[in-house]
Amino acid sequence: MTIEIKNLTKIYGTQKALDNVSLTASQGEIVGLLGPNGAGKSTMMKIITCFIPPTQGEVKVCGFDIFEEPMQIRSLIGYLPEQNPLYLDLYVRESLDFIASIHKLKGKEKKQRVEQMIELVGLTKEMNKKIGALSKGYRQRVGLAQAMIHDPKVLILDEPTTGLDPNQLVEIRQIIKQMGRQKTVLLSTHIMQEVEAVCSRAIIINNGQLVADDTVEHLSQGGSLEKKFREITLM
Ligand code: ADP
Ligand code: MG
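Note that the structure is a prediction, hence the values are computed from the model and not measured.

Visitor: Can you help me understand the site of ligand 1 in this one?
Guide: Taken together, Tyr 12, Gln 15, Ala 17, Pro 36, Asn 37, Gly 38, Ala 39, Gly 40, Lys 41, Ser 42 and Thr 43 make up all the residues around ligand 1. Gly 40 is positioned with one of its backbone polar atoms (N or O) 2.9 Å from an oxygen atom of ligand 1. Measuring from an oxygen atom of ligand 1, one finds a side-chain N or O atom of Thr 43 at 2.5 Å. Surface burial for ligand 1 is 63%, taken as the share of its 560 Å² of free accessible area covered by protein chains. Broken down by secondary-structure element, the contributors of at least two residues to the shell around ligand 1 are strand 2 (15-25) and helix 1 (41-48). At three residues, the largest contribution of residues to the shell around ligand 1 is made by helix 1. For the shell around ligand 1, the per-class residue count stands at four nonpolar, six polar and one charged.

Structure representation (structure tokens):
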């Protein structure tokens, strides 16, 4: 198991954002994390990536515990946060070079990885621009390239395709699908077709509780994934 979550609870003040959630994910899986706004998706991702601690529960990534070995976990994870924070004053290539350095890549290897990522996410034409001059879709590609630059075993993508145009959507989904073959990918989204197109499994959370965890095929039986989602989350 690459990701193991047991009885995870997060309480912010008086707000219970996650309520006793347990799940696992293995290598080669692309798992869709679905849930209405405020369900707890981003909170779960911030805990897995060691940005915030849980209130209760156990989380392991590739066998490492989030409390005991957070630095190992961070080096194994590529994370695209919901807001995709980027240095707008940096040039595309410069920003990737910077992130690669943080991951201790050096010299020829670093240069090669930067070039590979630029090509993989389709940034070749834009690579000499400042990030601040890029459109939303291209900024998402920079975020994705940054998340993948150190060839992480696990990718945590928080709404990676929000705000993209239909052509960009298809391209970014293809990249994620291609990546998912060797990695473990957890991706949150509001787009059911995206889950149907890229994910093998879907997890639905509602009010902090896990309400479904099954193959997309099973969840779509008796109509569609969207129908199932509405049934479960409107209860
Ligand atoms: P999602 O990503 O599914 O939309 P979030 O994980 O962002 O949900 O939020 C889950 C719940 O926790 C929401 O009700 C949200 O308002 C609350 N929440 C998130 N972050 C904080 C915080 N830092 N302080 C207080 N409440 C928070
Ligand atoms: Mg969120």
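Visitor: How should I be thinking about the sheet that holds strand 4 (residues 56-61) in this particular structure?
Guide: Backbone-to-backbone hydrogen bonds pair the strands of a sheet. The strands run either parallel or antiparallel. Across the sheet, four strands lie side by side as 2-1-4-5; this open sheet has antiparallel pairing. At either end of the open sheet lies a strand with only one pairing partner, and these are strand 2 and strand 5 (64-65). Contacts between helix 1 and the sheet are confined to strand 1 (3-12), strand 2 and strand 4, with strand 1 contributing the most and set at about 120° to the helix.

Visitor: What exactly am I supposed to notice about the coordination of the magnesium ion (ligand 2) here?
Guide: Octahedral metals with six donors have ideal donor angles of 90 or 180 degrees. Tetrahedral metals with four donors have an ideal donor angle of 109.5 degrees. With distances of 2.0 to 2.7 Å, the protein atoms coordinating the magnesium ion (ligand 2) are Ser 42 (OG) and Glu 82 (OE). Note that Ser 42 is positioned in helix 1 and Glu 82 in the loop between strand 6 (77-80) and helix 3 (92-102), a separation of 40 residues in sequence. Under the relative-accessibility criterion, Ser 42 is labelled buried at 14%.

Visitor: I tried to follow the domain arrangement of the protein on my own but got confused; where do I start?
Guide: One widely used convention gives an interface's size as the accessible area the parts lose upon coming together. As assigned here, the protein comprises domain 1 (3-22 + 40-189) and domain 2 (198-235). Counting residues at the interface gives eleven residues for domain 1 and six residues for domain 2. Broken down residue by residue, the surface that domain 1 buries against domain 2 is led by Asp 19, Val 21 and Leu 187, which jointly contribute 40%. Across the contact surface, domain 1 and domain 2 share zero salt bridges. Remark: the boundary between domain 1 and domain 2 carries two residue pairs in polar contact (both at pLDDT 80 or more). Contributing elements (two or more residues each) for the side of domain 1 that touches domain 2: strand 2, helix 1 and helix 6 (166-180). Its residues placed into classes, the side of domain 1 that touches domain 2 shows five nonpolar, two polar and four charged.

Visitor: So what exactly am I meant to see when it comes to the packing of aromatic side chains here?
Guide: Two numbers describe a pair of aromatic rings. These are the distance of the centres and the angle of the planes. A complete count under the given rule lists two aromatic pairs for this structure. A centroid spacing of 5.4 Å and a plane angle of 45° characterise the contact between Phe 51 and Tyr 79, whose relative ring orientation is tilted. With Phe 51 in the loop between helix 1 and strand 4 and Tyr 79 in strand 6, the pair connects residues that are 28 residues apart, well separated along the chain. With centroids separated by 5.8 Å and ring planes inclined at 80°, the aromatic side chains of Tyr 87 and Phe 98 adopt a geometry described as edge-to-face. With a gap of eleven residues between them, Tyr 87 in the loop between strand 6 and helix 3 and Phe 98 in helix 3 connect regions that are remote in the sequence.

Visitor: Explain the sheet that holds strand 10 (residues 209-215) here, please?
Guide: Pairing in this open sheet of six strands is mixed, and the strands run 6-7-8-3-9-10 from one edge to the other. Looking at the sheet topology across the chains shown, the edges are occupied by strand 6 and strand 10. Strand after strand, the sheet turns through a mean of 15° between neighbouring axes, direction not considered. In this sheet, strand 7 (residues 154-158) lies alongside strand 6 in parallel orientation, the contact comprising four bridges.

Visitor: Where do I start with the environment of Lys 60 in this structure?
Guide: Examined against the element boundaries, Lys 60 turns out to sit in strand 4. Accessibility expressed as a relative area gives 27% for Lys 60, which makes it partly exposed. Placed twelve residues apart in sequence, Lys 60 and Ile 48 show a C-alpha to C-alpha distance of 7.9 Å. When neighbours within four sequence positions are excluded, Lys 60 is seen to be in contact with Thr 2, Ile 3, Glu 4 and Asp 65.

Rules behind the numbers
- Throughout, residues of each chain are indexed from 1 in the direction in which the sequence is written.
- Working convention: letters from A go to chains and numbers from 1 go to ligands, in the order in which they are written.
- Where local features are concerned, this predicted model is filtered to residues with pLDDT of at least 70; where side-chain atom pairs are given and counted, the filter is 80 or more; whole-chain, interface and lining totals use all residues.
- Values reported for side chains reflect all heavy atoms of the structure, with hydrogen atoms and water molecules removed beforehand.
- Distances are taken per atom, and a residue is near a molecule or strand as soon as one of its heavy atoms is within 4 Å of it.
- By the criterion applied in these results, polar contacts are pairs of N or O atoms within 3.5 Å in which, for protein atoms, one can donate a hydrogen and the other can accept it, and in which residues neighboring in sequence qualify only through two side-chain atoms.
- Throughout, the Shrake-Rupley method with a 1.4 Å probe supplies accessible areas, and for residues the shown protein chains are the sole cover considered.
- Runs of E in the DSSP output that reach at least two residues are strands. Runs of H or I that reach at least four are helices, and both are numbered from the N terminus.
- Gly counts as polar in this scheme, as do all residues outside two lists: the nonpolar Ala, Val, Leu, Ile, Met, Phe, Trp, Tyr, Cys and Pro, and the charged Asp, Glu, Lys and Arg.
- A pair of strands is treated as paired once DSSP finds two or more bridges between them.
- Here, residues are in contact when the closest pair of their heavy atoms is within 4.5 Å.
- Structural elements are reduced to axes, namely lines fitted to C-alpha atoms, with helices fitted over the stretch in contact, and the angle between N-to-C directions of any two is expressed from 0 to 180 degrees.
- Here the term donor refers to an N, O or S atom within 2.8 Å of the metal (or 3.2 Å for Na, K and Ca), and because water is left out of the atoms, sites may appear incomplete.
- Exposed residues in this analysis have more than 50% of their type's maximum accessible area, buried residues have under 20%, and partly exposed residues fall in between, with area computed by a 1.4 Å probe over protein chains only.
- Domain extents, as shown, originate in an automatic or database domain assignment.
- The buried area of a pairing is the accessible area, by a 1.4 Å probe, that goes missing from both parts when the two are put together, added over both.
- Note on definitions: salt bridges are taken to be side-chain nitrogens of Lys or Arg within 4 Å of carboxyl oxygens of Asp or Glu.
- Here a pair means two rings of Phe, Tyr or Trp (six-membered ring of Trp) with centres within 6.5 Å. Their orientation is stacked below 30 degrees between planes, edge-to-face above 60, and tilted elsewhere.

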